[in-house]
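Fold and contact review
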Amino acid sequence: MRRLLQFILIFVISYTFGQTKVGNLQFNDIDVFEGTELMLNGAGKKDNQYAIGLYLDFEVNGVEDGIMVAEKDATMALTLKATSNISNQKLKGMVRNGLERATDGNSYLFEDQIRKFLAILPEKISEYQIFKLVYTKDQTLIVYKNQDKLGTLVNSLEFKQALFKIWLGENPEDVTLKEDLLGSFESNPVLGQWKTFDKKTGVAISVVQLYVIKDWLYGSVNRMLRQSERDAICYECQGDDKNQKVEGLVILKRLRKNSSGKYVDGKLTDIKTGEIVDCQLWIDKKDENILHVKYKGSGGVLQWKKVKESTETRRMDFRTAKGF
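Okay, so let's go over this structure. (Residues numbered from 1 in each chain as written. Predicted model: local features only at pLDDT ≥ 70, side-chain atom pairs only at ≥ 80, totals over all residues. Heavy atoms only, no water.)

Some points on the pairing of strand 1 (residues 19-22)
In this structure, strand 1 lies alongside strand 2 (residues 25-28), joined through four bridges in antiparallel fashion. Paired with Lys21 across the strands is Gln26, a residue of strand 2. (Pairing = 2+ DSSP bridges. Helix = DSSP H or I, 4+ residues; strand = E, 2+ residues; numbered from the N terminus.)

Notes on the sheet that holds strand 21 (residues 301-306)
The pairing of strands in a sheet happens through backbone hydrogen bonds and is either parallel or antiparallel. Within the closed barrel, the eight strands sit side by side as 12-13-14-17-18-19-20-21. Their pairing is antiparallel. Neighbour to neighbour, the strand axes of the sheet diverge by 30 degrees on average, direction disregarded. Sheet topology note: the strand 14 (residues 216-224)/strand 17 (residues 250-257) ladder contains three bridges and is antiparallel. The residue bridging Gly219 from the neighbouring strand is Leu252, located in strand 17. (Axes fitted to C-alpha atoms, helices over the stretch in contact; angles between N-to-C directions.)

So, the pattern of salt bridges
One pass over the full model with this rule turns up twelve salt bridges. One salt bridge in this structure joins Lys165 and Glu71, with 2.8 Å as the shortest N-O distance. Of this pair, Lys165 sits in helix 5 (residues 157-168) while Glu71 sits in helix 2 (residues 66-71), and the two are 94 residues apart along the sequence. Within this structure, Lys46, Asp47 and Asp174 form a network of salt bridges that share partners. (Salt bridge = Lys/Arg side-chain N within 4 Å of Asp/Glu carboxyl O.)

This is the structure in structure tokens:
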């Protein structure tokens, strides 16, 4: 049940928050493809035809990594959003021409898979429709239009490598677009997981997840670190939080970012007393891995430390965002 509720929370947050704008279109900073959470590495626009975003779960150093990304056998995705109507004939022509460029005139080597891929494509892509190419580590290439799965190609690593080189290869369709896709993603340093500590003893207490909803910062208890407190209940909490498990409890609510970069005017629920108090927090200017937290009863300014996140950890990040 708890995992279901956690998934629902991610799902609800995902439809409205954490997006990067390209022209008039929005790309989610984090999205879920075939059950895998991927981060937006970069996004750009191709003339008046479409905007496209590249989603990865590994780091890219810049445009020089284009070939590496295209050839890597790792789950990744391209999300294309049409900015004009694209006919089936035009779409097929774009694919064939792009593959010829990407393979230095050797696209005939993939003719069988090209034909299968072209047969999957929709009759047309209308303005504002979403077209997704998702490659998974089992060498499967999946094509979506909006939320509808159009088809699948198996044993498709080599074809995927050629297909992604249309945008990421040495002779891409658009050099500026390639640079946009391979640009480094700059995330908000406040977001993510933070380890909290007892001010007197220095003993770690919990891991708190910070995320944003409509420009408001929230924080939930991801894990209590002492084994004996894993099933702790907040009997003293107020309202809907009363008698709820501490793990999963949203203890930071509606902090707003001011002109100096601090998050202020929010509320914090003290899990020991249940008291709801004013709260503010900010990143240490000298070290982004330190978060300063101040609230009534804290005994001064607390220091939370950034949890170094692996790919698996990031997949539990509540910054998940989907949609248009």
